[in-house]
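Single-letter residue listing:
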Amino acid sequence: MDEKKRKIKFSLGIKFSLFISLLVIMVIAILGYILINLQTQQLVNETLRRGGFLARSLSRVSLEKYLIGENFDIIVYCHSLSQEEGVVEAFFINKFGEIIAHSDSSKITPQVKAKKPKYKKGKKVVEPEKVENEYNNDFFFKGKDLNQDAFGYQLYKEGQFYDIYSTVKMGDKFIGMAHVIISRLLIFKMVNEAIMRIIYISGFVLILGVIGALLLSKIVIKPVKKLTEGVTIIGTGNLEHQIVLKARDEMGYLAESFNNMTVRLKEAQKAMLEKEKLEREMQIASTIQQTLLPKKFPEFKNIEYGAFYKATKSVGGDYYDLIRISDNKLGIIAADVSGKGVPGSLVMSMFRSIIRSNIHPDLNSFDTLSRTNALIVPDIIEEMFVTAFYGVYNLTTSILDFCIAGHNPLIVFNSMTKVFNFVNAEAGIPVGLQDNTVFQDMLKRYELKINRNDMIIQYTDGITEAMDIEKKLFGEERFHDSIKRNGVLPPAQFIEKLLKDVTEFTKGAPQNDDRTVVVVKLI
């Protein structure tokens, strides 16, 4: 990489200084905003409190003087209130809309004579003339329901003023309203002054912050540059490089961590290569194992097949097979090796080769498994064995000749009658566990008549021992229920339904055993 490409546009020191500056500005802006809001609210509250005091005072004076007809005293008091800071108007308006007293004498309503009396139902009712002025409207009578000596406020003239009012009452009798109009310009002026003070302070603090950030960046950036150079060298692939930094702080600790990291990277690189090699080998082993399973089933008239196999790892220890022994004989194998993974797959391959080499039209199931055991015992790994089912179905006689060597029971289900037939060879032992004398003594041969619509089912423990997230087993009862519900279907569709039942039960919980199902149905 040439010098032009490696040129740094914005150094870390500049970025650091900019960050500190922006942080300072943000903190000052937030604090300034909070302080201005607090001060504004304080000024508003103080203004309203003072205005409320003045309005209540005017209300009390108006009540006292209005009842005895001394309106001039009220006018004088309104004029004195207008001398208070921020007060632009003070007035008393009676319930008829007449301005009895105002700080501006020109706005006082002239006294007029009342209209002639009118009579309602024999009673004399005097109604004064309607007074027309700028204050005789609902806006200035909003607080008439307030209690005596209480006050309220509202914005006046598009928010330029506060109209602070207090009701004038004698008992429950409403007499009028006392109003004090206070300008909000004073509040705005004080807030603007506070903003300017904050701006001056912010500028001073910002300058100090930038200077401090530049000084701090020089101290911090020097070891960072060393780290950058070292990491660049390591990034080229030189895992032998060590970063020398004597600082006893976070930077020194970081340099030490990088040095340790390079050592671990070398080890991880080696382990990764080994893992990739192992994964490739496992993929090849899985491919080979899949080739050991039947690619297509023997073609016999009136027989349908279905099979499924899935290993919990890349390779597994389950095995099934369907073999055409002769024109009228079908071999059925289902087996489960005690080990999983690679050991299980190796034993499974050995078992497959040996049993297939011993299958012959003239040999029954007992002889085939006996010969297989005799050949496996000398070579199998200690403590490993194979549970197996081997059956020979004779299409001419409809007889299934079979043996169970420590494997799961044989299930024969008639899809029309819904009748189960279970054969469980409890005395049989797995292949490869004992010498042939013991094996033959414990192995038992069975013969079973297979009728039309009968379905022969063999499986491994991965089906019945499938677990949900609470470690509960799918179990034989659910297995048998699934067979009963779906046994009328062709074998391939039956297996799909069975696996769906198992999947819905496990709900994605990890499984510990391989799954295999083999189904042969006479139609």
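For the structure, check the block above.
Worth saying up front: this structure is predicted, and the values here are computed from it rather than measured.

Conventions adopted
- Throughout this document, residue positions are counted from 1 along each chain, in the order its sequence is written.
- Two thresholds apply to this predicted model, a pLDDT of at least 70 for residue-level local features and 80 or more for giving and counting side-chain atom pairs, whereas whole-chain, interface and lining totals are computed over all residues.
- Side-chain figures throughout are based on the complete set of non-hydrogen atoms in the structure, without hydrogens or water.
- Note on pairing: two strands pair once DSSP finds at least 2 bridges between them.
- Helix and strand assignments follow DSSP, with helices taken as H or I runs no shorter than four residues and strands as E runs no shorter than two, numbered in order from the N terminus.
- The convention used is that axes are lines fitted to C-alpha atoms, helices contributing only their stretch in contact, and that angles between N-to-C directions extend from 0 to 180 degrees.
- Here, residues are in contact when the closest pair of their heavy atoms is within 4.5 Å.
- How far a helix is expected to stretch is found by multiplying one less than its residue total by 1.5 Å.
- Three labels apply to residues, based on accessible area from a 1.4 Å probe with only protein chains included: buried if under 20% of the type maximum, exposed if over 50%, partly exposed otherwise in between.
- To obtain the arc, one takes the directions from the helix axis to the C-beta atoms.
- Here is the rule for angles: anything less than 35 degrees is roughly parallel, anything more than 145 is roughly antiparallel, 65 through 115 is roughly perpendicular, and the remaining ranges are oblique.
- Take the far helix as the reference: if the near one is turned anticlockwise from it by less than a right angle, the crossing is left-handed, and if turned clockwise, right-handed.
- Any Lys or Arg side-chain nitrogen located within 4 Å of an Asp or Glu carboxyl oxygen qualifies as a salt bridge.
- In plain words, nonpolar cores are sets of buried Ala, Val, Leu, Ile, Met, Phe, Trp, Tyr and Cys residues tied together by side-chain atoms within 4.5 Å.
- Definition of a polar contact: a pair of N or O atoms within 3.5 Å, with one able to donate and the other able to accept a hydrogen when the atoms are protein atoms, and with sequence-neighbouring residues admitted only if both atoms are side-chain atoms.

Participant: Requested: an account of the sheet that holds strand β9 (residues 318-326), with residues and values cited.
Facilitator: Within the open sheet, the five strands sit side by side as β9-β10-β11-β12-β15. Their pairing is antiparallel. Each of the sheet's edge strands pairs with one partner strand only, and the pair in question is β9 and β15 (445-449). Pairwise comparison of adjacent strand axes, ignoring direction, gives a mean angle of 15° for this sheet. Where strand β10 (residues 329-337) and strand β11 (residues 386-394) come together, nine bridges link them in antiparallel fashion. For I332, the partnering residue across the bridge sits in β11 and is G391. Against the sheet, helix α6 (residues 341-358) makes contact with β9, β10 and β11, and its axis sits at roughly 10° relative to β9, the strand it touches most. This element, helix α7 (residues 365-376), spans β11, β12 (399-405) and β15 of the sheet and lies at about 30° to β12.

Participant: Give me helix α11 (residues 491-506): which residues, what numbers.
Facilitator: Taking 1.5 Å of rise per residue, 16 residues should cover 22 Å, and α11 covers 23 Å from first to last C-alpha, within 8% of that figure. All of the buried residues in α11 are P491, F494, I495, L498, L499, D501, V502, F505 and T506. Here the buried residues of α11 occupy an arc of 155° about the axis, which is enough to place them on one side. Buried residues belonging to α11 abut β8 (303-310), β16 (454-459), α9 (461-464), α10 (475-486) and β17 (515-522). In the segment just after α11, K507 is the residue with positive phi, at about 55°.

Participant: Which residues make up the environment of V44, and what values go with them?
Facilitator: Here V44 lies in helix α2 (residues 12-66). Owing to a relative accessible area of 13%, V44 belongs among the buried residues under this scheme. In this structure, the C-alpha to C-alpha distance between V44 and I187, residues 143 residues apart in sequence, is 7.2 Å. For V44, the contacting residues outside a window of four places in its chain are Y162 and I187.

Participant: Just give me the short version of the packing of α6 against α7, but keep the residues and values in it.
Facilitator: Here α6 crosses α7 at 135°, and the two axes come no closer than 9 Å. Put simply, α6 runs oblique to α7. Crossing of α6 against α7: the hand is right-handed. In this structure, α6 uses M350, F351, I354, I355 and N358 to contact α7, whose residues at the interface are T368, L369, R371, T372, L375 and I376.

Participant: Which residues make up the pattern of salt bridges, and what values do they have?
Facilitator: Under the criterion given, the structure shown has 12 salt bridges. Across the salt bridge formed by D321 and R356, the nearest N and O atoms sit 2.5 Å from each other. With a gap of 35 residues between them, D321 in strand β9 and R356 in helix α6 connect regions that are remote in the sequence. A residue is classified by how much of its surface remains accessible, and D321, at 2% relative accessible area, is buried.

Participant: Kindly report on the pairing of β12, identifying the contributing residues and their values.
Facilitator: Most of β12 is tucked away, with six of its seven residues classed as buried. Pairing between β11 and β12: six bridges, direction antiparallel. Paired with N394 across the bridge in β12 is I399. Between β11 and the antiparallel strand that follows it, β12, lie four residues; S398 among them carries a positive phi value of about 60°. The pairing of β12 with β15 spans five bridges and is classified as antiparallel. The partner of I399 across the bridge, within β15, is K449.

Participant: Break down the nonpolar core for me, citing the residues and quoting the values.
Facilitator: Counting 53 residues, the largest nonpolar core has I332, F351, L369, F402, L410 and V431 as its most contacted members. The element best represented in this core is β11, accounting for six residues. In this structure, F92, A101, V168 and I175 belong to the second largest nonpolar core, which totals 27 residues.

Participant: Please give an account of the environment of I303 that cites residues and values.
Facilitator: Counting through the fold element by element, I303 comes out in strand β8. Note: C-alpha distance between I303 and K521 (218 residues apart in sequence) is 5.7 Å. When residues no more than four places from it in sequence are discounted, the contact partners of I303 are L330, Y393, L395, V520, K521, L522 and I523.

Participant: Outline α10, listing residues and values.
Facilitator: Its 12 residues give α10 an end-to-end C-alpha distance of 17 Å, which sits within 8% of 16 Å, the value for a rise of 1.5 Å per residue. Taken residue by residue, α10 has G475, F479, H480, S482, I483 and N486 as its buried positions.

Participant: Give me the lowdown on the pairing of strand β1 (residues 87-94), citing residues and values where you can.
Facilitator: Walk down a regular strand and you will see the side chains alternate between the two sheet faces. In terms of burial, β1 is largely enclosed, as seven of its eight residues are buried. Across seven bridges, β1 lies against strand β7 (residues 173-183) in antiparallel orientation. Of the residues in β7, the one forming a bridge with V87 is I182. Where β1 lies against strand β2 (residues 99-102), three bridges are found, and the strand directions are antiparallel. Bridging from a neighbouring strand, F92 pairs with A101 of β2. Hairpin connection, β1 to β2: the antiparallel pair is bridged by four residues, and G97 has positive phi, about 90°.

Participant: Lay out the side chain of D514 with the relevant residues and their values.
Facilitator: With respect to the helices and strands, the residue D514 is situated in the loop between α11 and β17. Among the polar contacts made by the side chain of D514, one reaches the main-chain amide nitrogen of G317 at a distance of 2.8 Å. With residues near it in sequence (within four places) discarded, D514 still touches K310, A311, T312, G316, G317, D318, K340, T460 and G462.

This is a description of form; function is not addressed.
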